[in-house]
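Notes for the structure review
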Amino acid sequence: RSLSRRLACGDVEGRLEALFGRVRAIQAKSGRFDMLLCVGNFFGSTSEAEWAEYCTGAKKAPIPTYVLGANDQGTTSYFPDVSGCELAENITYLGRRGLYSGASGLQIAYLSGTESQDEPAPAYSFSAKDVAELKTSLLSTPNFKGVDILLTSPWPRDVGTFANSAGEIDTKKCGSKLVSDLAASLKPRYHFAALEKAYYERLPYRNHTVLQETPQHVSRFIALADVGNTSKKKYLYAFSIVPMNLMDPTELVKQPQDVTENPYRKSRKEAQKTKAPLCAEEEPACQFFFDLNKHQGKKRPSDGKEMGKSQPKQAKKTPQPMGPCWFCLASPEVEKHLVVSIGTHCYLALAKGGLLPDHVLILPIGHYQSVVDLSSEVVEEVTKYKSALKEFFRSKGKRYVLFERNYRSQHLQLQVIPVPLDHCTSEDIKESFIAQAQEQQIELLEIPEHSDITQVAPPGTPYFYVELDTGEKLFHRIRGRFPLQFGRSVLASEALLALPQRADWRQCAAERAEEAAQARAFRRDFQPFDFALRA
């Protein structure tokens, strides 16, 4: 069940009919694949007519398709949101850079665009700083061994060193040094790239020095040609992979007969001699739990969008769904004084600038983006925390409202806000959410009480959902823009808590000592209900 069947594809250049026709033929012959990963230029100069049919829903991709962003100015308009978004049904733009964790536990790191020397880089490029920040965010993960898959558009410079010939491509001149540096650090089991209109499957290479370091898994680099090329060069690659974290360690580090030395080791050593290592300049934006608002409201000139002004869950000034994570409990950024309970898989923390003093967050200890991605044991503990909080708040004459926004966020946060029982009924709460959603052209639908979010939101789908402690749920599948503070502003409205002055969490920031006192008080009151203390 843990074996994932994937397809990877080179430059599509807007030839969607040719690509999806081939995918359908492969699936008819070999059975279903879980996803299609596209590197290189997804759009071309003549994409408009074919693309319009997918945008309108007249045609649909036959498989969940994940794509990288623009590599030139001409195609940037196809990617409306730099942080990643659904472009059409079953076609998702991953974002500028980050980590996508699938439901199976597969870790896919990605970097959109081509290398730029400019800082900040244009909208279709990445800079040394982008690469440094992506590396820092992943390498700081506890027990980091590597990623399962790395997706880039350019080839890594020098990938042909110690290897089989790459044909006409001169790997000493072609590609990006920054991509080489990224691949050397992230140690992907598979690395896919394109842009050179060539197919090249490099021999697998080692990620450790023989006899000096503990054996590690090998990496395979595969460059893919362009869709429908007349030379019949391979542009679609099928492979099966078990997520690294589910593999037996000895199985994972087995070295194939044809393994080579690491092609990047020499160039990295040379780079370290010539300059000090580049440190990621961490400029997180503000959000509910961590105090990260010192760089609030900056703009990135390359795309002219406001970064961090009203994005409570973002961890960088460039919005990205999977960038550096400030919510993993192991992160040094965690303000431990706000943590009120720690279970085996989840923890509770008071919200930073909470709507009320007992506004809490349920967060997974490990890195999961949304409820849809959670493993069964984490789901089980989330349910335990919900039950404990229901009992706790009911003992105080309150009912909780829980919501999640899986959009422009990278680590799951379940916002839990209590509302006095005598103040409004569950019907009042639902009506307020639905009415305020309609005012903003948001379709918020009630879903059956005992249904699971995973039944309505496939992995990778942006969504917003509300859950009452009665089990009633409202769901909205995000297809375009979505107001980041929507859940909080509905609860703060006159119809519910009547705290409009607290709708913006930034107006609610408290001193650290006051926060610590609130957390102590919550911890004390919650203690009789806290199953984690009895475990």
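- Per an unreviewed UniProt entry, the protein is named CWF19-like protein 1, and its organism is Corythaeola cristata.
- Word for word, the UniProt comment on the protein under Sequence similarities (unreviewed entry) is "Belongs to the CWF19 family."

Describing the overall build of the protein
- If you tally the helices and strands in the protein, you get twelve helices and 24 strands.
- Looking at the protein residue by residue over its 535 residues, the buried ones come to 57%.
- In the protein, the share of contacts with a sequence separation of at least 24, taken over all contacts with a separation of at least 6, comes to 73%.
- Summed over all atoms, the accessible surface of the protein reaches about 22,600 Å², with 50% contributed by carbon and sulfur.

Things to note about the packing of helix α1 (residues 16-30) against helix α2 (residues 48-55)
- Packing of α1 against α2 brings their axes to within 9 Å, and their N-to-C directions diverge by 55°. Considering the angle they form, α1 stands oblique to α2. Judged by residue contacts, Leu 16, Glu 17 and Phe 20 of α1 engage Glu 50, Trp 51 and Tyr 54 from α2.
- Tallied by class, residues from the contact of α1 with α2 come to four nonpolar, no polar and two charged.

Observations concerning the side chain of Ser 83
- Considering the arrangement of structural elements, one finds Ser 83 in the loop between β3 (65-67) and β4 (85-88).
- Residue Ser 83 is classed as buried on the basis of its relative accessible area, which comes to 3%.
- A distance of 2.7 Å separates a polar atom in the side chain of Ser 83 from a polar atom in the side chain of Asp 81.

Quick word on the nonpolar core
- Counting residues in each nonpolar core, the largest one holds 34 residues, and the members touching the most others are Ile 362, Leu 389 and Phe 522.
- Contributing elements (two or more residues each) for this core: β18 (346-350), β19 (360-364), α7 (376-395), β20 (398-406), β21 (414-420), β23 (463-468), α11 (512-526) and α12 (531-534).
- Broken down by element, the residue count for this core peaks at seven residues, all from α7.
- With near-sequence residues (within four places) excluded, Ile 362 lies in contact with Tyr 347, Leu 348, Val 382, Tyr 385, Lys 386, Leu 389, Leu 402, Leu 412, Gln 413, Leu 414 and Val 416.

Points about the sheet that holds strand β14 (residues 236-241)
- Pairing in this open sheet of six strands is mixed, and the strands run β4-β5-β3-β2-β1-β14 from one edge to the other. Each edge of the open sheet carries a strand with a single partner, namely β4 and β14. Averaged over all adjacent pairs, the angle separating strand axes in this sheet is 25°, with direction ignored.
- Where strand β1 (residues 4-9) meets β14, six bridges bridge the pair, whose relative direction is antiparallel. Bridge pairing links Arg 6 to Phe 239 in β14.

What counts and how
- Residues numbered from 1 in each chain as written.
- Predicted model: local features only at pLDDT ≥ 70, side-chain atom pairs only at ≥ 80, totals over all residues.
- Heavy atoms only, no water.
- UniProt positions renumbered as here; feature names shortened; annotations may be inferred.
- Helix = DSSP H or I, 4+ residues; strand = E, 2+ residues; numbered from the N terminus.
- Buried < 20%, exposed > 50% of the residue type's maximum accessible area, 1.4 Å probe, protein only.
- Contact = heavy atoms within 4.5 Å.
- Areas by Shrake-Rupley, 256 points an atom, 1.4 Å probe, with all protein chains shown as cover.
- Axes fitted to C-alpha atoms, helices over the stretch in contact; angles between N-to-C directions.
- Parallel < 35°, antiparallel > 145°, perpendicular 65-115°, else oblique.
- Nonpolar A, V, L, I, M, F, W, Y, C, P; charged D, E, K, R; others polar.
- Polar contact = N/O pair within 3.5 Å; in protein donor to acceptor, adjacent residues only side chain to side chain.
- Core = buried A, V, L, I, M, F, W, Y, C linked by side-chain atoms within 4.5 Å.
- Pairing = 2+ DSSP bridges.

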